[in-house]
Amino acid sequence: MHSRRFRHTRECRQELIGRHLEHVRVDIEGATSLHSMAGVGRKKDGAREERRGGEFQHGVIVAVDSRATAGSYIASQTVKKVIEINPYLLGTMAGGAADCSFWERLLARQCRIYELRNKERISVAAASKLLANMVYQYKGMGLSMGTMVCGWDKRGPGLYYVDSEGNRVCGDSFSVGSGSVYAYGVLDRGRREDLSVEEACELGRRAIYQATYRDAYSGGVVNLYHVKSDGWVCVSQNDVADLHRKYLDEAK
Amino acid sequence: MAARYDRAITVFSPDGHLFQVEYAQEAVKKGSTAVGIRGKDIVVLGVEKKSVAKLQEERTVRKICALDEHVCMAFAGLTADARIVINRARVECQSHRLTVEDPVTVEYITRYIATLKQRYTQSNGRRPFGISALIVGFDYDGTPRLYQTDPSGTYHAWKSNAIGRSAKTVREFLEKNYTEEAIATDNDAIKLAIKALLEVVQSGGKNIELAVIRRSQPLKILESKEIETLVAEIEKEKEEEAEKKKQKKAT
């Protein structure tokens, strides 16, 4: 397969990237404009929203915020950052909204075809690999996508982080986005082997809340999903302001 | 190159036959017999070994090939065609491991081989593969499987089957003798395969090549000594059966 990666040098691409997105930034709402002019890279990005996913014995908890920004302008407070690939696979969205939703919908199509051909559900490892291989062909061409593929297959719960750089890692918990550092603090402190479902949900909610508290580019509502052995369920949707009041009252 | 040909070789006849495919099946019927048995914890493949010329090295004539650690196949028909199919199947097994992070199921690789064969019955300038394959192995969840493909590209699952020359005789033998108790243990399954082949093979154990896969273990090709031992056991059992019958008749 002819790799298109090597047609242009990296330097050339980077100039184009910034300019390309300048134009797009105005038109498309929210999460697209996540490259700073400095270049493609999670650490340099200022404007990613953040999400958090964690595996424990009862499945996978996925918590996301819902803010989309264009520079310092809050484009939307009600973005759905969890993409429902199929009834037992979830994908989260960070980076370009168009890239994320397009590629994850394409992944949903591939997963369905796999299911029909092989008469069994696709594994989380295979689904994340399909996605990673699909976007790798466009590496260096300006795709911006950082996603966590979460699901439950015959080997148990599965959580993979996949991004447009070609990274694909399996893990127990991830936090992605501009506010991820704040969420990691809460997440790593509260993570235990024997969390119950409610405790884990509360941990996820708290982690996102803390991130929205400190990170300007995160906010809105906290959407919480729980992936169980028979599929995912949407657990709750809490406005961050309500959570703020609740935690403040608890502290008193 | 297929692009240069502008006429398909495999075309329908007026009464709906694909003659090239049927001729390919005839070529299969000329090949040496192969038998496959699906046991409970073991799958067995046996082939009739053609007698090797005096100066020929025996090891190069192998009709049972591993496709992956847990899958192997035997074929009947044109050896050269089989080599191509086996190569493609081996690559596909590894490709599947890479993209899906799981070993192939026996059904998946059989479907791949069957699709490959079907493609050659519907392409420009190509003839169908002249082989039938018996594909055996264990799935990831430990279920033993046996599949058979033929030149037309169809595939079916079997409990036990035979292909090649005298396949009909062997299949009839298997239909009579394949019972749950006949394959109760691994050894019994192996002996059933040998018994089936002995029906049609001329000079006994020397002309039989046998391979087994046990659950979670790689392919094992039995040595001629082991086969001789088993053949001797079978002969003894036959004599004992004959003795018993004589005694019954006498009394």
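What you are looking at is a predicted structure, and each value in this text was computed from that prediction instead of being measured.

The helix and strand tally for chain A stands at six helices and 12 strands. Here chain A holds 252 residues, and 52% of them are scored as buried. Contacts in chain A between residues at least 24 apart in sequence constitute 62% of all its contacts with a sequence separation of at least 6. Here chain A has roughly 12400 Å² of accessible surface; of this, 51% comes from carbon and sulfur atoms.

Note: strands within a sheet are paired through backbone hydrogen bonds, in either parallel or antiparallel orientation. Residues and elements named next belong to chain A. What the five strands build is an open sheet, ordered β5-β6-β7-β8-β9; its pairing is antiparallel. In this open sheet, the two edge strands, each paired with only one partner strand, are β5 (82-86) and β9 (168-170). When strand polarity is set aside, the average angle formed by the axes of neighbouring strands in this sheet is 20 degrees. As judged from the eight bridges shared by strand β7 (residues 146-153) and strand β8 (residues 156-163), these two strands associate in the antiparallel manner. Residue pairing in the sheet places Met148 in a bridge with Tyr161 of β8. Each of β5, β6 (89-92) and β7 touches helix α2 (residues 97-118); the most contacted strand, β5, lies at about 15 degrees to it.

Another aspect to go through is the confidence of the model for chain A. Taken as a whole, chain A shows an average pLDDT of 78; of its residues, 78% reach a score of 70 or greater. The low-confidence segment residues 1-50 of chain A (pLDDT under 50) makes 100 contacts with residues lying over four places distant or belonging to another chain.

Following the sequence through the fold, Glu209(B) ends up in strand β9 (residues 208-214). Between the C-alpha atoms of Glu209(B) and Glu223(B), which are 14 residues apart in sequence, the distance is 8.2 Å.

This paragraph deals with the sheet that holds strand β4 (residues 71-77) of chain B. All names here are of chain B. Read from one edge to the other, the open sheet built from five strands follows the order β3-β4-β5-β6-β7, with strand pairing classed as antiparallel. At either end of the open sheet lies a strand with only one pairing partner, and these are β3 (64-68) and β7 (155-157). Strand-to-strand twist across the sheet, computed as the mean angle between neighbouring axes with direction ignored, equals 25 degrees. Relative to β4, β3 runs antiparallel, the two sharing four bridges. What sits directly across from Ala66, in β4, is Cys72. Together, β3, β4, β5 (131-138), β6 (144-149) and β7 form the strand contacts of helix α3 (residues 106-119), whose direction differs from that of β5 by roughly 165 degrees.

With that out of the way, let us pick up the side chain of His70(B). Structurally, His70(B) can be placed in the loop between β3 and β4. The class for His70(B) is buried, based on a relative accessible area of 13%.

Further remarks concern the pairing of strand β1 (residues 34-38) of chain B. All names here are of chain B. By the criterion of burial, β1 is predominantly enclosed, with four of the five residues buried. Sheet analysis places β1 next to strand β2 (residues 42-48), joined by five bridges and oriented antiparallel. The residue bridging Val35 from the neighbouring strand is Gly46, located in β2. From the end of β1 to the start of β2, which pair antiparallel, there are three residues. Examined bridge by bridge, β1 and strand β8 (residues 160-163) share four bridges and lie antiparallel to one another. The residue bridging Gly36 from the neighbouring strand is Asn161, located in β8.

To continue, consider helix α4 (residues 167-177) of chain B. Residues and elements named next belong to chain B. For α4, the full list of buried residues reads Ala167, Val170, Phe173 and Leu174. Projection of α4 onto a plane perpendicular to its axis shows the buried side chains occupying an angular sector of 125 degrees, all on one side. Opposite the buried face of α4, at more than 90 degrees from it, the exposed residues are Lys168, Glu175 and Lys176. Elements in contact with the buried residues of α4: β1, β8 and α5 (186-198).

Thresholds applied
Along each chain, the written sequence defines residue order, and numbers are assigned to residues from 1. As they are written, the chains are lettered A onward and the ligands numbered 1 onward, keeping that order. For this predicted model, a pLDDT threshold of at least 70 governs which residues receive local features, and a threshold of 80 or more governs which side-chain atom pairs are given and counted, while totals over whole chains, interfaces and linings are taken from all residues. For the side-chain quantities, the full set of heavy atoms in the structure was used; hydrogens and water were omitted. Strands are runs of DSSP state E lasting at least 2 residues, helices are runs of H or I lasting at least 4, and numbering of each runs from the N terminus. Any residue under 20% of the maximum accessible area for its type is buried, any over 50% is exposed, and the rest in between are partly exposed; the area is computed with a 1.4 Å probe on protein chains only. We call two residues contacting when some pair of their heavy atoms lies within 4.5 Å. Residue exposure ignores everything except the shown protein chains as possible cover, and the areas themselves are Shrake-Rupley values with a 1.4 Å probe. At least two DSSP bridges between two strands are required for those strands to pair. All axes are obtained by fitting lines to C-alpha atoms, using only the stretch in contact for helices, and the reported angles, taken between N-to-C directions, cover 0 to 180 degrees. Scored from 0 to 100, pLDDT records how confident the predictor is in each individual residue. Summarising the geometry, the arc corresponds to the directions from the helix axis toward the C-beta atoms.

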